[in-house]
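Structural characterization, general
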Amino acid sequence: MIDPKIDLTLLHPEDAPPNANWRRKDRLNSWTSVRSCRFLEWIGWYNLDAAQRLLGHYRLFQHFNAEYSKSRRDLPAAQAYILQYRANHGLKHFFARTMAFLTTVIERQRYPVEAEIAAINRQLVNDSTSVLYDFLTDADKDFTAAFLQAMRRIKDPSFFGRQAAPPTINLQVNQTEEHYYAHQHNTYSATQVNIQPTIKAGAQGKDKGIFSKKQVLILFDFLSAFKDFDSIDYTKPAKFEKYADLLHALTGKSKLSILEELNNYHKGLYEWHTQGELNQLINILIQLANTFRNAGFKSFARLIDKKIIELESHKND
C-alpha cells in the first residue's frame with residue numbers, strides 16, 4: 001500500500017518564487033494507483049527533475065514490492081526492482097532522449113533538462129545503484145530523510161565518478177640509507193628497498209578517506225547519543241589533554257593539533273555564523289554519514305542525517 005502522506009512540498013524547487021502555483025504539480029504527484037504511476041512514467045513526468053525521478057522510483061517500487069512480496073524470492077525487493085527496471089530501461093531511455101531532442105527543436109532549448117535527468121536515471125539504475133537502493137529501502141521508515149539524503153548524493157560530484165585506480169607504487173633503492181645503516185648497525189646484508197606511494201605534487205588538506213579532526217569530534221558526539229557512551233565535555237578544558245591523548249591514539253594526528261581543535265568549540269561543535277560556515281559544516285556531516293552508510297552502519301548514518309536536516313532548515317536564515 002502506498003503511503004499517500006508524503007510531503008509534496010519536497011518536490012517544489014528551492015529557488016522558485018514564493019507565490020508559485022504548485023496545484024497541478026502536486027495533483028499529479030499525488031497519484032498513487034499503479035496505472036497512474038505507469039502512465040506518468042511513460043509520458044516522462046518523472047523525468048522533469050531529479051526530485052521527480054526519485055518520487056517516480058518510490059511510487060513504482062511500492063507497486064512492485066506489493067507483488068514481489070507475495071512469493072518467495074532470493075533477492076531483496078529493492079535489488080530486484082532495480083534489476084527489473086534496468087532490463088526495461090533501454091526503451092525508456094530512448095524515449096527520454098527523443099523527448100529531449102523534441103524539446104530542443106520545438107522550444108529551441110539548446111540544453112534541455114530532460115537530457116540531464118535521463119543521464120541521472122541511467123546512472124541510478126546502472127552504476128550508482130547504491131544511491132537508489134538506499135533510498136528505496138529507507139523511504140518507508142522516513143521518506144523525508146531518505147529523499148534529502150538521496151538528493152545530496154546525486155548532487156555530489158562523486159555521483160558520476162568512477163572507482164579510483166589504486167595508487168602507483170614506486171620501488172626505489174636508497175643507496176645512502178643502505179650505506180648508513182650498514183655502517184652504523186652492521187645488520188644489512190642486502191640492499192634496502194623503500195616502498196613509497198606516488199604523491200601528487202601540491203597535495204593539500206587531509207588525506208582522502210581519512211576523517212578530519214572535527215569529523216572525529218563529531219563522531220564522538222554522535223556516539224554519545226547511544227546509551228552509556230560518555231560525551232566530550234567542552235566546558236572543561238582541563239580534560240582536553242586526556243581527550244587529546246585518546247584521539248591521538250585513535251587517529252595518529254598530532255596531540256597539539258587536536259588540542260587546538262578542541263579549544264575551538266567551547267560554544268559547541270555545530271556553531272556557525274555565516275551561510276558559508278553552515279554549508280561547510282553540512283558537508284563535513286555528509287561525508288561522515290556517507291562513510292558509515294557505505295560501510296553498512298545505516299542506523300548510525302540516519303542519526304547524522306537528522307542533524308543534517310536540522311542544519312539545512314537554517315539555510316537562508
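Residues numbered from 1 in each chain as written. Predicted model: local features only at pLDDT ≥ 70, side-chain atom pairs only at ≥ 80, totals over all residues. Heavy atoms only, no water.

**Side note on the overall build of the protein chain**
Which entries qualify depends on this criterion: Helix numbers and strand numbers start at the N terminus; a helix is a DSSP run of H or I with at least 4 residues, a strand a run of E with at least 2. Here, two residues are considered to be in contact whenever any of their heavy atoms come within 4.5 Å of each other. Note on areas: Shrake-Rupley, 1.4 Å probe, and residue coverage restricted to the protein chains presented here.
Looking only at helices and strands, the protein chain has 14 helices and two strands in total. When contacts within the protein chain are restricted to residue pairs at least 6 apart in sequence, long-range pairs at least 24 apart make up 60% of them. In the form shown here, the protein chain has an accessible surface area of approximately 20500 Å², with 53% of it arising from carbon and sulfur atoms.

**Things to note about a nonpolar patch on the surface**
Inclusion rule: A residue counts toward a patch only above 30% relative accessible area and without a salt bridge, and it is joined to like-charged neighbours within 9 Å or, for Val, Leu, Ile, Met, Phe, Trp and Tyr, to nonpolar neighbours within 5 Å. What makes a salt bridge here is a side-chain nitrogen of Lys or Arg within 4 Å of a carboxyl oxygen of Asp or Glu, nothing more. Each residue is placed in one exposure class: buried if its accessible area under a 1.4 Å probe, protein chains only, is under 20% of its type's maximum, exposed if it is over 50%, and partly exposed if it falls in between.
Residues Trp31, Phe39 and Ile43 make up a contiguous nonpolar surface patch of roughly 290 Å² in combined accessible area. Structurally, the position occupied by Ile43 is in the loop between helix H2 (34–42) and helix H3 (50–68). Residue Ile43 is classed as partly exposed on the basis of its relative accessible area of 45%.

**Re the confidence of the model for the protein chain**
To keep it simple, the criterion reads: pLDDT expresses how confident the predictor is about each individual residue, on a scale running from 0 to 100.
Across the protein chain, pLDDT averages 75, with 74% of residues at or above 70. Across the protein chain, the secondary-structure element scoring lowest on mean pLDDT is strand E1 (residues 169–173), at 38, and the one scoring highest is H3, at 93. In the model, residues 163–205 has pLDDT below 50 throughout and makes 29 contacts with residues more than four positions away in sequence or in other chains.

**Structural notes on the packing of aromatic side chains**
Just so we agree on the cut-off: Stacked, tilted and edge-to-face are the three classes applied to pairs of Phe, Tyr and Trp rings, where Trp contributes its six-membered ring and a pair requires centres within 6.5 Å; stacked means planes under 30 degrees apart, edge-to-face means over 60, and tilted covers the rest. Definition used: whenever NZ (Lys) or CZ (Arg) falls within 6 Å of the ring centre and also within 35 degrees of the ring normal, the charge is taken to sit over that ring.
Enumeration over the complete set of coordinates arrives at 11 aromatic pairs. Here Phe292 and Phe300 contribute two aromatic rings whose centre-to-centre distance is 4.8 Å and whose plane-to-plane angle is 50 degrees, an arrangement assigned as tilted. Per residue, the accessibility class of Phe292 equals that of Phe300, and both read buried. Residue placement shows Lys307 over the ring face of Tyr270; its charged tip is 4.4 Å from the ring centre.

**So, the nonpolar core**
Put simply, the test is: The set of buried Ala, Val, Leu, Ile, Met, Phe, Trp, Tyr and Cys residues whose side-chain atoms join them within 4.5 Å is what this entry labels a nonpolar core.
Tyr81, Phe135, Leu136, Phe143 and Phe147 are the most contacted members of the largest nonpolar core, which totals 40 residues. Elements supplying a minimum of two residues to this core: H2, H3, helix H4 (77–87), helix H6 (113–126), helix H7 (129–139) and helix H8 (143–155). The residues contacting Leu136, other than those within four sequence positions of it, are His57, Tyr58, Phe61, Ala78, Tyr81 and Ile82. By size, the runner-up hydrophobic cluster in this structure holds 31 residues, among which are Leu219, Ile258, Ala289 and Ile308.

**Structural notes on H8**
Note the cut-off: Multiply 1.5 Å by the residue count of a helix minus one, and that product is the helix's expected span.
An ideal rise of 1.5 Å per residue puts 18 Å on 13 residues; H8 measures up with 18 Å between its terminal C-alpha atoms. With 10 of 13 residues buried, H8 lies mostly within the body of the structure. Looking only at H8, the buried set comprises Phe143, Ala145, Ala146, Phe147, Gln149, Ala150, Met151, Arg152, Arg153 and Ile154.

**Observations regarding helix H13 (residues 275–294)**
Structural remark: α-helix, 3.6 residues per turn; residues separated by three or four positions point the same way. Compared with the 28 Å implied by 1.5 Å per residue over 20 residues, the 28 Å span of H13 between its first and last C-alpha is a close match. Turning to H13, its buried residues are Leu278, Leu281, Ile282, Ile284, Leu285, Ile286, Leu288, Ala289, Asn290, Phe292 and Arg293. Residue Gly296 follows H13 closely and has a positive phi angle near 100 degrees.

**Let's talk about the environment of Arg302**
Structurally, Arg302 is set in helix H14 (residues 298–312). Accessibility expressed as a relative area gives 23% for Arg302, which makes it partly exposed. Each C-alpha atom of the pair Arg302 and Ala145 lies 7.8 Å from the other, and the pair is 157 residues apart in sequence. If we ignore the near neighbours within four places in the chain, the residues touching Arg302 are Asp138, Lys141 and Arg293.

**Remarks on the pattern of salt bridges**
Evaluation of the coordinates by the stated rule reveals 11 salt bridges. Among the ionic pairs, Asp138 bridges to Arg302, the shortest N-O distance being 3.2 Å. Here Asp138, found in helix H7, pairs with Arg302, found in helix H14; they are 164 residues apart in sequence, far enough to count as distant. Salt-bridge contacts for Lys307 lead to Glu310; the nearest nitrogen and oxygen are separated by 3.5 Å. With Lys307 and Glu310 both in helix H14 and three residues apart, the pair spans about one turn of that helix. Accessibility expressed as a relative area gives 41% for Glu310, which makes it partly exposed. A network of salt bridges, in which partner residues are shared, links Arg152, Arg293, Asp305 and Glu312.

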